[in-house]
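What follows is the residue order along each chain.
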Amino acid sequence: MSKTFRIGGIHPHDNKISVNAAIENFPVMERAYISMSQHLGAPAEPVVAKGDKVKTGQLIAKANGFISANIHSSVSGTVNSIEMLPDLAGNLVQHVVVNVEGDEWMESIDRTPEINRVIKDSPQDIIAKIAECGVVGLGGAAFPTHIKLSPPPGKKAEFLLVNGAECEPYLTSDYRIMLENTEEILIGVKLMMSALGVKRAYLGIEENKPQAIKKMKEIASKGYQEIKIVSLKKRYPQGGEKQLIDAITGRQVPSMGLPIDVGVVVQNVGTALAVYEAVQKNKPLFEGVVTVTGKCMPEQRNFRMRVGTTFESMIFAVGGFPKDAEKLVSGGPMMGKAVSRIEAASVKSTSALLLLTEEETKRGEEANCIRCAKCVDACPMGLEPYLLNRLSRANRIEDLEANMVHDCIECGSCLYVCPADIPLLDTIRLSKTKVLKIIRSRPKK
Amino acid sequence: MTATIIFTIASLTVLGLVLALILYFTAQKFKVVEDPRIDDVETILPGANCGGCGFTGCRSFAEGCVNAESMDGLFCPVGGNDVMKRVADYLGRSVAEMVPQVAVVRCNGNCDSRPKSNNYDGYTSCAVMASLYAGDTDCRYGCLGQGDCELSCDFDAIKMNPRTGLPEVDADKCTACGACVKACPKMIIELRNKGPKGKRIFVSCINKDKGGVAKKACAVACIGCTKCQKVCAYDAITISSNLAYIDYNKCKLCRKCVVECPTNAIWEVNFPVRVPKKEVAEVEQH
Amino acid sequence: MKKLIVSPAPHLHGNESTKSLMRDVIIALVPSLLVSVYFFGFSAIKLALVGVATAVAVEYVIQRYIVKSKITVNDYSAALTGLLLSLNLPPNSPWWIMFIGSVVAIGIAKMTFGGVGQNLFNPALVGRVFLLVSFPVIMTDYSIPTSWFREGIDASSGATALSIVKEGLAKGLTMDQIFSENNFSYAQMLFSKIGGSVGEVSALALILGFVYLLIRRVIRPHIPLAIIGTVLLFSGIFWLINPQMYADPLFNVLTGGILIGSIFMATDYVTSPMSKKGMVLYGVGIGIITMLIRYWGAYPEGISFAILIMNATVPLINMYMKPAKFGKEVKHG
């Protein structure tokens, strides 16, 4: 019996056209553009200078502040420059640009293919190693993992939930690692359980990935009994943090709360793999699996790719820019970011590059709201997007707060279903930012 | 018959009296003591409720005026010096005359000089666009062209020009209330002194990129070449992070910088049409 | 370099549009339309054509020449209003009644409020009620027209079942007497022939349309089920108290426009509540008001008035009946 969350949700076509493409190593590019702002929080502080020789996996930037993460070189070569370059949105971000010379890895990294099953580190050591290796959440927000694994004093985690739902259409990177690195993921989950001191973990997978569920269950039954594999209904946004917790544990995270408020920590399967590699193999997070897909592409592939690869080179690796492609999306089509500059480079949490045609993506002309209530039905947070949209346009901040605009998870379901093509989420996201700013500026009780 | 009439009159009188008493006591009990001058000051004010004064509306501004010790820092941009003088006279205070200001748009990258590098396809709002990315041209500072300023204006003074994609200010209608300054997420609009007979000179660009980058993104960008600074005899021009800025208090409107600017980023407004450069040179030689 | 499209997420959009939803509702009305053509022949076609053409034309003229806004006639909403109104008239109505009704429905009930999505009251119902109070004789003459392929078959039923019942009760007859005198049967009500407006000759055709709308997820079942449930319950209680004074529940549901009203009129997006809780309350309200009008009011049917009255409460219902919010019922810790 598959589980699911209780409120709202939509059923977009999943279009997982790259499911059968096994993960291949992406050729190392000539020059890597490594952003210093690959995670939520303060940008990292570069510790290398122009002209320095770096090896693959060498620390090139240190975490700067509490919420921040280390950054390691994804290639070996000479630092060409440290400069401000546009990210995918065109905003300037500090980048370390490395001219690639060969591919020499740090000696400390264990590159043998054997699976290291023995956990010998203490919880503190595990968290320290995760922090050292710059692991961040690979589910989208790129929150530094070591902070998430250290709950604030007074809060205790009961369960660890691992998100293998991959509810976004098109994406297959999590699916491929669940098939190809099954046991590594389970060991990663065990490491995180040990770090958190929890006895139970649940790994949720949407039922449109039966092979992954089967393989996970098979391996989990051999020595990973404390990790329960949960089959989830195919329904967007099943992989949303709050929705996943609701589906698996039946607990609902309170408004403005965090998962830890209901005793849960959620991590992505990709993060679990990164944790395994960091702790057991001493390998910092400098590469990840990226799905390069799109109906207009001649072929769809899953690559293991170094951080700092430009979107341009990804497109050319799969046969060049298709004529009818009009939009590039980094991430999934529901929550991913549109790329405005193809010379921008991938970051740790880049999970996909999606190419869409004008027909697939162009928004229709906005028409009058016919009050069909489809957005109300679709909203997984039980909000009323049509109302929030109207209030946002009138800038009625107090009413917006009373209608819980700050609970919006920006999943995009409302805009997806709207028959009148009203840019619901655009206006709601804007007012959500305003309301959150006001709420946070209030003195704490 | 007469009895009915008398009874009716009597009962209505009593009823009227009782209700009058109730009204009287409630009015006494819930009486709000308010300075009557506030009402009077409010009638002097223009009543636009635009918030340009920093108060929430005309009534609260009137309250502020009446309760304040002096008129310092209180100014109604819509009514201008006239209205403020009348308010001050009424309250028996003096008020310093403010120099009239006007909103200026510091971006002149139109569709030709600043070509689009991508197509925006979201909600028509500069704020939404600015929160999403740097903009649909290569200039990260320039006008996004979605018209938030036009929407914010209560006086119909700023309008998007569909040909250039840039907003244009109607100086006669502009009251310098500052609503557009707040509405613009790129902080392109600035309030500047209107100048004598509306003559003013300003740098119509806020691009802080290095000259080459700025020039590549927009043909009319300020490239921070310092030529204008050198030609200025009044120290009115400062250059910081590759961008020139003209201090309107120091500028003597000599127009030398306008000629000097290699990218035409410096604008002059309300000056007579210039005699072509060559002729000027010839005249000087003679 | 190609200029990419940049927009905020999401980058995909579902296939539904206002146009497709309205088209689905029109498709759901096709069975009823076909049945009515079978029974009333040319008259039904004539009414539908006049209704749709007038509605579309009025909307076009108003948008083009009066308010000068974007023309929205191609979203089918005006056509749907015209069609619905035509199905709500007596089969023998003259064409000009249909014309006036459409003009009122679109011109007054819809466009004066600002067009599609803005109206407070269901346009088709406003049109119908306008006609009902302006032309009471024509609007209650339910005789069956002679048509070119059906020659004056049993043109006897000049009134609807409910008005027969109401008159019968006024004469002091009991329910059994009324039923046997008029040969009412449920089979008749399900398939045909009972006096009524064009669209409600066959309950089965209406239910077919309902099922289509549910399968296509155009409407949710809450409103129709709440109305029908309330009518069943309300009339059931009175029927149990005195079966000779009050008609049985099934009779109440199958006659007098309850089906067409609850499936196609009350579920109109624009004039119905947004949340499921609100929808149930709205449906219950319509059911109760309908039965109050039927039992104690001047009109035998009443659902048109009930829906219009409840339309007026929708903004209030929307304000107080909020959908269940995520994360409210769970306590901290």
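What you are looking at is a predicted structure, and each value in this text was computed from that prediction instead of being measured.

Bringing the overall build of chain C into the picture now. The number of helices and strands found in chain C is 15 helices and one strand. By residue count, 50% of the 333 residues in chain C fall in the buried class.

Moving on, we get to the overall build of chain A. Across its full length, chain A holds 14 helices and 17 strands. In terms of overall size, chain A behaves like a compact globule, its C-alpha atoms giving a radius of gyration of 21 Å where 445 residues would be expected to give roughly 22 Å. Taken along the three principal axes of its C-alpha coordinates, chain A extends 65 × 50 × 50 Å. Residues classed as buried in chain A amount to 58% of the 445 residues present. For chain A, long-range pairs separated by at least 24 residues make up 73% of all intrachain contacts whose partners lie at least 6 apart in sequence.

Moving on: the sheet that holds strand E9 (residues 159-164) of chain A. Either a parallel or an antiparallel arrangement is found when strands of a sheet pair, and the pairing is made through backbone hydrogen bonds. Residues and elements named next belong to chain A. Strands sit in the order E11-E10-E9-E12 across an open sheet of four strands; the sheet is parallel. Each edge of the open sheet is held by one strand with a lone partner, namely strand E11 (227-232) and strand E12 (264-268). Taken over all neighbouring pairs, the strand axes of this sheet differ in orientation by 25° on average, direction set aside. Relative to E11, strand E10 (residues 200-206) runs parallel, the two being bridged by six bridges. Across the sheet, the residue bridging to Leu 203 is Ile 229, located in E11. Packing of helix H5 (residues 210-220) onto the sheet brings it into contact with E9, E10 and E11, and relative to E11 it is tilted by some 165°.

Of the residues lining the interface, six residues belong to chain C; the matching set on chain B comes to 11 residues. Counted by class, the side of chain C that touches chain B contains four nonpolar, one polar and one charged residues. The pairing of strand E2 (residues 118-120) of chain B with strand E1 (residues 4-6) of chain C spans three bridges and is parallel. Within the sheet, the bridge partner assigned to Asn 118 of chain B lies in E1 of chain C and is Leu 4 of chain C.

Okay, the confidence of the model for chain C next. All names here are of chain C. Overall, the predicted model of chain C reaches an average pLDDT of 86, with 90% of residues at or above 70. For the stretch residues 148-156, pLDDT sits under 50, and the model shows eight contacts to residues farther than four places along the chain or on other chains. Per the prediction output, this complex has pTM 0.87; the corresponding ipTM is 0.87.

Let us now look at helix H6 (residues 241-249) of chain A. All names here are of chain A. Most of H6 is tucked away: eight of the nine residues are buried. Residues of H6 that are buried: Glu 241, Lys 242, Gln 243, Leu 244, Ile 245, Asp 246, Ala 247 and Ile 248. If you follow the buried residues of H6, they end up packed against E9, E10, E11 and E12. In the segment just after H6, Gly 250 is the residue with positive phi, at about 80°.

Moving on, we get to the packing of helix H4 (residues 182-196) of chain A against helix H7 (residues 269-281) of chain A. Residues and elements named next belong to chain A. At a closest axis distance of 7 Å, the pairing of H4 and H7 adopts a crossing angle of 80°. Here H4 is positioned roughly perpendicular relative to H7, judged by the angle of their axes. Of the residues in H7, those in contact with Glu 184, Ile 185, Ile 187, Gly 188, Val 189, Leu 191 and Met 192 of H4 are Val 269, Ala 272, Leu 273, Val 275, Tyr 276, Val 279 and Gln 280. For the contact of H4 with H7, a count of residues per class yields 11 nonpolar, two polar and one charged.

Now for the sheet that holds strand E2 (residues 31-35) of chain A. Residues and elements named next belong to chain A. Strands sit in the order E2-E8-E7-E4 across an open sheet of four strands; the sheet is antiparallel. Each of the sheet's edge strands pairs with one partner strand only, and the pair in question is E2 and strand E4 (53-54). For E2 and strand E8 (residues 92-100), the ladder comprises five bridges, and the chain directions are antiparallel. Bridge assignment links Tyr 33 to a residue of E8, and that residue is Val 97.

Note on strand geometry: in a regular strand, side chains alternate between the two faces of the sheet. Residues and elements named next belong to chain A. The buried count for strand E14 (residues 301-306) comes to five of six residues, which makes it a mostly enclosed element. Pairing of strand E1 (residues 23-25) with E14, which is carried by three bridges, proceeds in the parallel orientation. Bridge pairing in E14 links Glu 24 to Phe 303. As paired elements, strand E13 (residues 287-293) and E14 share six bridges and run antiparallel to each other. Bridge assignment links Val 290 to a residue of E14, and that residue is Phe 303.

The next thing to look at is the nonpolar core. By size, the foremost hydrophobic cluster in this structure holds 310 residues, and its most contacted members are Leu 160 and Val 189 of chain A. When near neighbours in sequence (up to four residues on either side) are disregarded, Val 189 of chain A contacts Leu 160, Val 162, Ala 201, Leu 203, Ile 227 and Ala 272 of chain A.

A common way to express how large an interface is: the accessible area buried when the components associate. Each partner contributes residues to the interface: chain C has 32 residues there, and chain A has 54 residues. Considering every element that reaches the side of chain C that touches chain A, the biggest residue donor is E1 of chain C, with three residues. When the residues that make up the side of chain C that touches chain A are grouped by side-chain class, the tally is 16 nonpolar, 12 polar and four charged.

Glancing now at the environment of Val 61 of chain C. Residues and elements named next belong to chain C. Following the sequence through the fold, Val 61 ends up in helix H2 (residues 42-66). Take Val 61: there are 14 C-beta atoms within 10 Å of it, and that puts it in the partly exposed class. Considering only alpha carbons, one finds Val 61 and Pro 224, 163 residues apart in sequence, at a separation of 34 Å.

Moving on, we come to the domain arrangement of chain A. All names here are of chain A. Domain boundaries in chain A define domain 1 (123-281) and domain 2 (374-441). A separation of 29 Å is found between the C-alpha centroids of domain 1 and domain 2. The partner domain 2 presents seven residues to the seven residues of domain 1 that form the contact. Here the side of domain 1 that touches domain 2 is composed, by residue class, of three nonpolar, three polar and one charged.

Residues and elements named next belong to chain A. Residue placement: Pro 169 occurs in the loop between E9 and helix H3 (173-180). For Pro 169, a count of 20 C-beta atoms within 10 Å puts it in the buried group. Each C-alpha atom of the pair Pro 169 and Gln 267 lies 20 Å from the other, and the pair is 98 residues apart in sequence.

Residues and elements named next belong to chain C. Their axes nearest at 8 Å, the elements helix H4 (residues 95-110) and helix H5 (residues 123-134) cross at an angle of 130°. If you check the angle between H4 and H5, you find them oblique. Of the two elements, H4 crosses H5, and the hand of that crossing is right-handed. Taking contact as the criterion, the partners of Ile 97, Ile 100, Gly 101, Ser 102, Val 104, Ala 105, Ile 106, Ile 108, Ala 109 and Lys 110 in H4 are, on H5, Pro 123, Ala 124, Val 126, Gly 127, Arg 128, Phe 130 and Leu 131.

All names here are of chain A. Along the chain, the position of His 13 falls in the segment before E1. C-beta crowding within 10 Å serves as the criterion here: with 10 such atoms nearby, His 13 is assigned to the exposed category. Counting along the chain gives 157 residues from His 13 to Tyr 170, while the straight-line C-alpha distance between them is 9.0 Å.

On to the pairing of strand E8 (residues 243-246) of chain B, then. All names here are of chain B. The pairing of strand E7 (residues 237-240) with E8 spans four bridges and is classified as antiparallel. In the strand pairing of E8, Ile 237 is matched with Ile 246. Linkage of E7 to E8, two consecutive antiparallel strands, is achieved through a turn of two residues, within which Ser 241 is found at a positive phi near 35°.

Where the residue is not glycine, phi is negative for most of them; where a peptide bond is considered, it is trans in most cases. All names here are of chain A. Of note, the bond from Tyr 236 into Pro 237 is cis; its omega dihedral lies within 30 degrees of zero at -5°. Tracing the sequence through the fold places Pro 237 in the loop between E11 and H6. Positive phi is not limited to glycine here, since Ala 142 has a value of about 55°. Non-glycine residue Glu 166 carries a positive phi angle of around 45°.

Time to look at helix H3 (residues 58-67) of chain B. Residues and elements named next belong to chain B. Those residues of H3 not exposed but buried are Cys 58, Phe 61, Ala 62 and Cys 65. The buried residues of H3 occupy one face: seen down the axis, they fall within an arc of 100°. Contacts from the buried residues of H3 go to helix H2 (36-44) and helix H4 (80-91).

What counts as what
- Residues numbered from 1 in each chain as written.
- Chains lettered and ligands numbered in written order.
- Predicted model: local features only at pLDDT ≥ 70, side-chain atom pairs only at ≥ 80, totals over all residues.
- Helix = DSSP H or I, 4+ residues; strand = E, 2+ residues; numbered from the N terminus.
- Buried ≥ 20, exposed ≤ 12 C-beta atoms within 10 Å, placed from the backbone.
- Rg over C-alpha atoms; globule rule 2.2 N^0.38 Å.
- Contact = placed C-beta atoms within 7 Å.
- Pairing = 2+ DSSP bridges.
- Axes fitted to C-alpha atoms, helices over the stretch in contact; angles between N-to-C directions.
- Nonpolar A, V, L, I, M, F, W, Y, C, P; charged D, E, K, R; others polar.
- pLDDT = per-residue confidence, 0-100.
- Parallel < 35°, antiparallel > 145°, perpendicular 65-115°, else oblique.
- Core = buried A, V, L, I, M, F, W, Y, C linked by C-beta atoms within 7 Å.
- Domains from an automatic or database assignment.
- Left-handed = near helix turned anticlockwise from the far one by under 90°.
- Arc of directions from axis to C-beta.

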